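# Observations on chain architecture
What follows is the residue order along each chain.
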Amino acid sequence: MSAEVELRGVSKTFGSVEALAPTDLSVPAGEILTVLGPSGCGKTTLLRLIAGLVSATAGTITVDGVDPARARAEKRIGFVPQAPALLPWRTVRANASLLLDLNPGRSPATPSHSVDELLDFVGLADFADARPHELSGGMQQRVGLVRAFALDAPLLLMDEPFAALDEITRTEMRHLLTRLREPHGATVVFVTHSISEATYLSDRVAVLSPRPGRVASIEEVTLGRPRRPELEDSPEFFEVTTRLRRALGIGAHAG
Ligand SMILES: Nc1ncnc2c1ncn2[C@@H]1O[C@H](COP(=O)(O)OP(=O)(O)OP(=O)(O)O)[C@@H](O)[C@H]1O
Ligand SMILES: [Mg+2]
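Since the model is a prediction, treat every value here as computed from it, not as a measurement.

### Quick word on the pattern of salt bridges
With the rule as written, the count across this model stands at 13 salt bridges. Of the charged contacts, one joins D101 and R90 as a salt bridge, the two residues approaching to 2.8 Å between their closest N and O atoms. In this pair, D101 is assigned in helix 4 (residues 98–101) and R90 in the loop between strand 5 (77–80) and helix 3 (92–96), connecting sequence segments eleven residues apart. Among the residues examined, D101 registers a relative accessible area of 43% and is labelled partly exposed. Three or more residues joined by partner-sharing salt bridges are found here, namely R170, R174, E197 and E232.

Structural data, given as C-alpha cells:
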C-alpha cells in the first residue's frame, strides 16, 4: 500500500519571503525520496505543503490524485514533524496512539504493527506509561515516529526525524525505518541534512538550492536492496555520498 505524490509548479511565499520557488516533483508509489539541502531552503515548507498543513501560493499538489488536506483527513498521510508535539498529560502510549484515537473509523482494521509493538521496536516499551516530560528529546522524537507509523499510512512524510538522536541510535533508527516499512512498502518523503542517511535510505535524492528552494538536481541512489548496515563501509556507498556532496556544492573531501 503506497501512494503517489505529484507537484506541479508549486511555490510558497510567506509575506515577502519566497520559501519555495516553483517546483515540479513526482514521487512514484513505493519510492523513498530524500530532500537534502541547507538550513532555511524550504524543506519543511515542502513537506508541510505535501501534508496539506499549509496551502501553496501557486501550483497543484495531489496525493493519489486527491488534495493533500483530504488525503490527510482520510489518514493516508503519516507525518513526523521536526519537533514532535506530544501532549504532556497523555502517557507515551496514549500519545503514540493519538492519531488512531481521533476518528478511529478510518484506521486500518489490521495494522502491520500495534502501538505496543512499535514502542518496543524503538526501545520505549518500558516507558509506555510514562509522561513526555520524563523522556529525553531523542526519546520524544521516537514517540513521534511511532505515532506516524501506527497509522499504517501509504505515504510517510518525515522531517529530520532522527536529528535529535546520537549517532549510534540514529544509525539504528535508519535500519529500523527500512524494516518497519517493509510489510507494505509505503512511499516516503524524508527530509534530512545527513548525506549518509540520505544515501542509506533513498531511491532518489532531491537536492534543494539555498533559499528560495528549488530542486537543483535529482540524484539516483544506485544501490540495491535490501540494504544492510555493512553497506555504509563499501566503495559504492562512498561513490554516492561523494556525488551528493558535489551536488550540494560541498568540496568532495569536506564534511
Ligand atoms: N510560517 C512561516 N511564516 C513565515 N515564514 C516562514 C514560515 N515557515 C517558513 N518560513 C520561512 O521560509 C523559509 C524556509 O523555511 P523552512 O522551515 O521550510 O526551511 P528548512 O529547509 O526546513 O530549514 P531547516 O533545515 O533549518 O529546518 C525560511 O526563510 C523561513 O523563515
Ligand atoms: Mg526544516
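Now that the structure has been shown, the text picks up again.
### So, the coordination of the magnesium ion (ligand 2)
Taken together, the protein ligands of the magnesium ion (ligand 2) are T44 (OG1) and Q82 (OE1), with distances of 2.0 to 2.5 Å. Within this pair, whereas T44 is found in helix 1 (residues 43–50), its partner Q82 is found in the loop between strand 5 and helix 3, the two being separated by 38 residues in sequence. Judged by relative accessible area, which is 26%, T44 ranks as partly exposed.

### Overview of helix 7 (residues 167–181)
Look at helix 7: 21 Å from first C-alpha to last across 15 residues, which is about the 21 Å you get at 1.5 Å a residue. Among the residues of helix 7, those classed as buried are T169, R170, M173, R174, H175, L176, L177, T178, L180 and R181. On its buried face, helix 7 is in contact with strand 3 (32–36), helix 5 (115–121), helix 6 (137–150), strand 6 (155–159), strand 7 (187–192) and helix 8 (195–201). Measuring from the backbone nitrogen of I168 back to the side-chain oxygen at the start of helix 7 gives 3.1 Å, which picks out D166 as the cap.

### Notes on the site of ligand 1
Around ligand 1, the surrounding shell holds 15 residues, and the nearest of these are S39, G40, K43, T44 and T45. Residue S39 places a side-chain N or O atom 2.6 Å away from an oxygen atom belonging to ligand 1. Take Q82: an N or O atom from its side chain is 3.1 Å from an oxygen atom of ligand 1. Within the complex, 63% of the 640 Å² of free accessible area of ligand 1 lies under protein. For the shell around ligand 1, the elements supplying multiple residues, two or more each, are strand 2 (17–27) and helix 1. When residues in the shell around ligand 1 are grouped by element, the largest group, three residues, is from helix 1.

### Quick word on the packing of helix 6 against helix 7
Following both chains from N to C, one finds helix 6 and helix 7 inclined at 5°, their axes separated by 13 Å at the closest point. On the basis of their axis angle, the class for helix 6 and helix 7 is roughly parallel. Taken together, the residues of helix 7 that come into contact with helix 6 (itself represented by R142, L145 and F149) are T169, M173, L177, L180 and R181. Here the contact of helix 6 with helix 7 is built from residues that sort into five nonpolar, one polar and two charged.

### Some points on the side chain of R204
Here R204 is to be found in strand 8 (residues 204–208). With a relative accessible area of 15%, R204 lands in the buried category. Looking at R204, its side chain comes within polar contact range of the side chain of E31, at 2.9 Å. Those residues in contact with R204, other than ones at most four positions away along the chain, are S26, V27, P28, E31, I32, L33, T34, I218, E219, E220 and V221.

What counts and how
Residues numbered from 1 in each chain as written. Chains lettered and ligands numbered in written order. Predicted model: local features only at pLDDT ≥ 70, side-chain atom pairs only at ≥ 80, totals over all residues. Heavy atoms only, no water. Salt bridge = Lys/Arg side-chain N within 4 Å of Asp/Glu carboxyl O. Helix = DSSP H or I, 4+ residues; strand = E, 2+ residues; numbered from the N terminus. Buried < 20%, exposed > 50% of the residue type's maximum accessible area, 1.4 Å probe, protein only. Donors = N, O, S within 2.8 Å, 3.2 Å for Na, K, Ca; no water. Expected span 1.5 Å × (residues − 1). Contact = heavy atoms within 4.5 Å. Polar contact = N/O pair within 3.5 Å; in protein donor to acceptor, adjacent residues only side chain to side chain. Near = heavy atom within 4 Å. Areas by Shrake-Rupley, 256 points an atom, 1.4 Å probe, with all protein chains shown as cover. Axes fitted to C-alpha atoms, helices over the stretch in contact; angles between N-to-C directions. Parallel < 35°, antiparallel > 145°, perpendicular 65-115°, else oblique. Nonpolar A, V, L, I, M, F, W, Y, C, P; charged D, E, K, R; others polar.

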